[in-house]
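Structural characterization, general
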Amino acid sequence: MNYQGFEGSYLGDSERINADAKLECKICWYQYDPQQGDKVWQIAPDTPFADLPDFWRCPECDGEKDQFMVIEG
């Protein structure tokens, strides 16, 4: 088995993420829940992680999107 990355990592490939997947920042443990969206960045509820704008960053620690790992979904 040739596995690259760590368990839960989407490796920056948005196609590997389900629309309802919850992701967690591996720096500060903030959880992005698509059903809730993100009030800090004014992201509407029901916005999948893969559809977040390129400028979006973790609202808690300013980590980049590739610092998130799938925890559910």
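Our subject is the structure listed above.
In this report, the structure presented in the accompanying data block is examined.

Another point: the overall build of the protein chain. The helix and strand inventory of the protein chain stands at zero helices and three strands. Put simply, the protein chain has 73 residues, and 33% of those count as buried. Long-range pairs, those at least 24 residues apart, make up 46% of the contacts in the protein chain with a sequence separation of at least 6. With the model as given, the accessible surface of the protein chain reaches about 5000 Å², and the carbon-plus-sulfur share is 44%.

Enumeration according to the criterion identifies seven aromatic pairs in this entry. On the basis of an interplanar angle of 80 degrees and a centroid distance of 5.8 Å, the ring pair of Phe49 and Trp56 is categorised as edge-to-face. When sorted by exposure, Phe49 lands in the same class as Trp56, which is buried. These aromatic residues form a ring-pair network of at least three members: Tyr30, Tyr32, Phe49, Trp56 and Phe68. Positioned over the ring face of Phe49 is Lys65, at 5.9 Å from the centre of the ring.

Two strands pair when backbone bridges link them, and strand 1 (residues 22–25) and strand 3 (residues 68–72) are joined in this way by four bridges, in the antiparallel orientation. Bridge pairing in strand 3 links Glu24 to Met69. Across two bridges, strand 1 lies against strand 2 (residues 31–32) in antiparallel orientation. Considered in strand 2, the bridge of Glu24 is made with Gln31. The antiparallel hairpin formed by strand 1 and strand 2 contains five residues in its connecting segment, where Trp29 sits at a positive phi of about 75 degrees.

Strand order in this open sheet of three strands is 2-1-3, and the pairing throughout is antiparallel. For this open sheet the edge positions go to strand 2 and strand 3, each flanked by a neighbour on one side alone.

Moving on to unusual backbone geometry. Here Gln42, not a glycine, exhibits a phi torsion of approximately 55 degrees, which is positive. Note that Gln42 resides in the loop between strand 2 and strand 3. Phi angles above zero are rare outside glycine, and Asp46 is one such case at about 70 degrees. Residue classification places Asp46 among the exposed positions, given a relative accessible area of 61%.

About the thresholds
- Residues numbered from 1 in each chain as written.
- Predicted model: local features only at pLDDT ≥ 70, side-chain atom pairs only at ≥ 80, totals over all residues.
- Heavy atoms only, no water.
- Helix = DSSP H or I, 4+ residues; strand = E, 2+ residues; numbered from the N terminus.
- Buried < 20%, exposed > 50% of the residue type's maximum accessible area, 1.4 Å probe, protein only.
- Contact = heavy atoms within 4.5 Å.
- Areas by Shrake-Rupley, 256 points an atom, 1.4 Å probe, with all protein chains shown as cover.
- Phe/Tyr/Trp six-rings, centres within 6.5 Å; stacked < 30°, edge-to-face > 60°.
- Lys NZ or Arg CZ within 6 Å of the ring centre and 35° of its normal.
- Pairing = 2+ DSSP bridges.

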